[in-house]
Amino acid sequence: MKYKVFTNPSKILLMLFILTAPAVLVAGENEISTRTFGDYHSADLIRKFIHYKVSAEAVCARAAELAKAEAARAEAEVAKAAASRRVMRMAAMKAEYKIVMNTALGMYDMMDLENEDLSLKAFEYAWLGYHHLLKQGKLQKTDLLTICDFSQSSSKERMYVIDVRNKKILYKTFVAHGINSGEEYASSFSNQEESCKSSLGFYVTRKTYQGVNGLSLRIEGLDKGFNDNAYKRSIVIHGAPYVSLRILHKYGVMGTTFGCPAIPSEVSDEIIPLVKNGSCFFIYYPSKKYLSQSTVLNNF
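Quick caveat, the model's predicted, so the values are computed rather than measured. Every chain is numbered on its own, with residues counted from 1 as its sequence reads. Given that the model is predicted, a residue must reach a pLDDT of at least 70 before its local features are reported, and side-chain atom pairs must reach 80 or more before they are shown or counted; all residues, however, enter totals for whole chains, interfaces and linings. Only heavy atoms go into the side-chain values, all of them from the structure, while hydrogens and water stay out.

Participant: What is the right way to read the overall build of the protein chain from this model?
Facilitator: Counting its secondary structure elements, the protein chain contains 7 helices and 10 strands. Buried, partly exposed and exposed residues are distinguished by accessible area as a fraction of the type maximum, computed with a 1.4 Å probe on protein chains only: under 20%, between the cut-offs, and over 50%, respectively. Taken across its 300 residues, the protein chain has 36% of its residues classed as buried. The contact rule is simple, with two residues in contact once any of their heavy atoms fall within 4.5 Å. Pairs at least 24 residues apart make up 59% of the contacts formed inside the protein chain by residues separated by at least 6 positions. Looking at the protein chain as shown, the accessible area adds up to about 17600 Å², and 56% of this sits on carbon and sulfur atoms. Each helix is a run of DSSP H or I of at least 4 residues and each strand a run of E of at least 2, with the numbering of both proceeding from the N terminus. For every accessible area listed, the method is Shrake-Rupley and the probe measures 1.4 Å; residues are considered covered only by the protein chains on display.

Participant: Mind showing me how you'd approach the sheet that holds strand S6 (residues 201-211) here?
Facilitator: The pairing criterion for strands is at least two bridges between them, as found by DSSP. One open sheet accounts for 8 strands, arranged S5-S4-S3-S10-S6-S7-S8-S9; its pairing is mixed. Each edge of the open sheet carries a strand with a single partner, namely strand S5 (168-173) and strand S9 (263-264). Where S6 lies against strand S10 (residues 280-284), 4 bridges are found, and the strand directions are antiparallel. Bridged to tyrosine 203 within S10 is phenylalanine 281. To obtain an axis, a line is fitted to C-alpha atoms, over the contacting stretch when the element is a helix, and the angle between two such axes runs from 0 to 180 degrees between their N-to-C directions. Against the sheet, helix H3 (residues 120-135) engages strand S3 (144-149), strand S4 (159-163), S6 and S10, with an angle of about 145° to S10.

Participant: Would you take a moment to explain helix H6 (residues 265-275) for this structure?
Facilitator: In an α-helix there are 3.6 residues to a turn, and that puts residues three or four apart on one side. When H6 is considered as a whole, its buried residues turn out to be Val267, Ser268, Ile271, Ile272 and Val275. Taken down its axis, H6 places every buried residue within 130° of arc, on the same side. With respect to the buried face of H6, the exposed residues turned more than 90 degrees away are Glu266 and Asp269. Count one or two residues on from H6 and you reach asparagine 277, which has phi positive near 65°. By arc we mean the arc of the directions from the helix axis to the C-beta atoms, nothing more.

Participant: What's the story with the packing of aromatic side chains in this structure? I'm lost.
Facilitator: To describe a pair of aromatic rings, you give the distance between the ring centres and the angle between the ring planes. For Phe, Tyr and Trp, where Trp contributes only its six-membered ring, two rings pair if their centres lie within 6.5 Å, and the inter-plane angle classes them as stacked under 30 degrees, edge-to-face over 60, or tilted in between. In the structure shown here, the tally under the stated rule is 9 aromatic pairs. On the numbers, 4.0 Å between centres and 15° between planes, the contact of phenylalanine 202 with phenylalanine 282 is stacked. Taken together, the positions of phenylalanine 202 in strand S6 and phenylalanine 282 in strand S10 put the pair 80 residues apart, joining distant regions of the chain. Classification of phenylalanine 282 as buried rests on a relative accessible area of 0%. The structure contains a cluster of three or more aromatic residues connected by ring pairs, namely Tyr108, Phe123, Trp127 and Tyr130. Over the aromatic face of tyrosine 209 sits the side chain of arginine 218, whose NZ or CZ is 4.3 Å from the ring centroid. Any Lys NZ or Arg CZ that is within 6 Å of a ring centre and within 35 degrees of that ring's normal is treated as a charge sitting over the ring.

Participant: Looking at this structure, I do not really get the side chain of serine 153. What am I missing?
Facilitator: Within the secondary structure, serine 153 sits in the loop between S3 and S4. Other than its neighbours up to four places away in sequence, serine 153 contacts Arg158, Glu184 and Tyr185.

Participant: Would you explain the pairing of strand S7 (residues 214-221) in this entry?
Facilitator: For a regular strand, side chains alternate in direction, first toward one face of the sheet and then toward the other. Relative to S7, S6 runs antiparallel, the two sharing 7 bridges. By the bridge assignment for S7, glycine 211 is matched with glycine 214. A loop of 2 residues connects S6 with S7, the two strands running antiparallel in sequence. Taken together, the 3 bridges between S7 and strand S8 (residues 236-240) define a ladder with antiparallel strand orientation. Within the sheet, the bridge partner assigned to serine 216 lies in S8 and is histidine 238.

Participant: Got a minute to help me understand the side chain of glutamine 152 in this structure?
Facilitator: You can see glutamine 152 is positioned in the loop between S3 and S4. Exposure remark for glutamine 152: the relative accessible area of 9% places this residue in the buried category. Polar side-chain contacts of glutamine 152 include one of 3.1 Å to the side chain of aspartate 149. In contact with glutamine 152, other than residues within four places in its own chain, are Asp117, Leu118, Glu157, Arg158, Tyr160 and Tyr185. For the purposes of these results, a polar contact is taken to be a pair of N or O atoms within 3.5 Å, where, inside protein, one atom must be able to donate a hydrogen and its partner to accept one; residues adjacent in sequence count only when each atom of the pair is a side-chain atom.

Participant: Teacher, can you tell me more about unusual backbone geometry here?
Facilitator: Unusually for a residue other than glycine, glutamate 194 sits at a positive phi of about 60°. Assignment of secondary structure puts glutamate 194 in the loop between S5 and S6. Located in the positive-phi region is asparagine 277, a residue other than glycine, with phi close to 65°. Along the chain, the position of asparagine 277 falls in the loop between H6 and S10. The class for asparagine 277 is partly exposed, based on a relative accessible area of 39%.

Here you go:
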């Protein structure tokens, strides 16, 4: 015969009551009388059992309260740690931004870009975006940075091909903007197909091909919402005879395009092979909307 061992204290007390003090409670108006067996009293045991049960419930309630407090404390610690990591990340981002801007200023002065009419803001934003793309591994040709400063008149040589490793300008030349972006100055930009407007932002150069404009270079827009339709729109770098001093002197304004950043034909066969296959290409204009919403510039 097998015996079941009770380990629950409540059950032990109850069994003790049943085994050692069988009795009949006789209830009167205001009294409880018991019959006894040995030294054990049923009423006493019942009272002890009830007291134990109440105490056990209190202990369980207190344990639940402590567990809840501990969970809240742990949650607060996790939140505190997360807040601390955010603060550290923000501090690191600020430090990184400061280093990038100081580097840009140093390079700007070293290359005397002010005398080349490239605005400091254009170069700082170009350098910041270049830094982000470099860090993300999106550039295969990392020693070149091309900047089209569309804050300048199209009558100015406003495209700069810069050797960032040796800190020198390799080419400074004319570049056209889209016909619907403006006449002498570009001031309106679009990412839409058939808009005939230029698109602001950062691009990475891709492969070349021979098209109606001769040697042409595909560029991929990396700024979502600003130039990421460049491939669909067939926005490419190509040479054009209407981007030249001759046209400027004859008509008083530079020729325009359907949105492509066209450059003079006499230098296109030199510049395009140089910058193709993974270099950074940036079209700048001091647009508050672009500068605040650019996915490349604000990618800290």
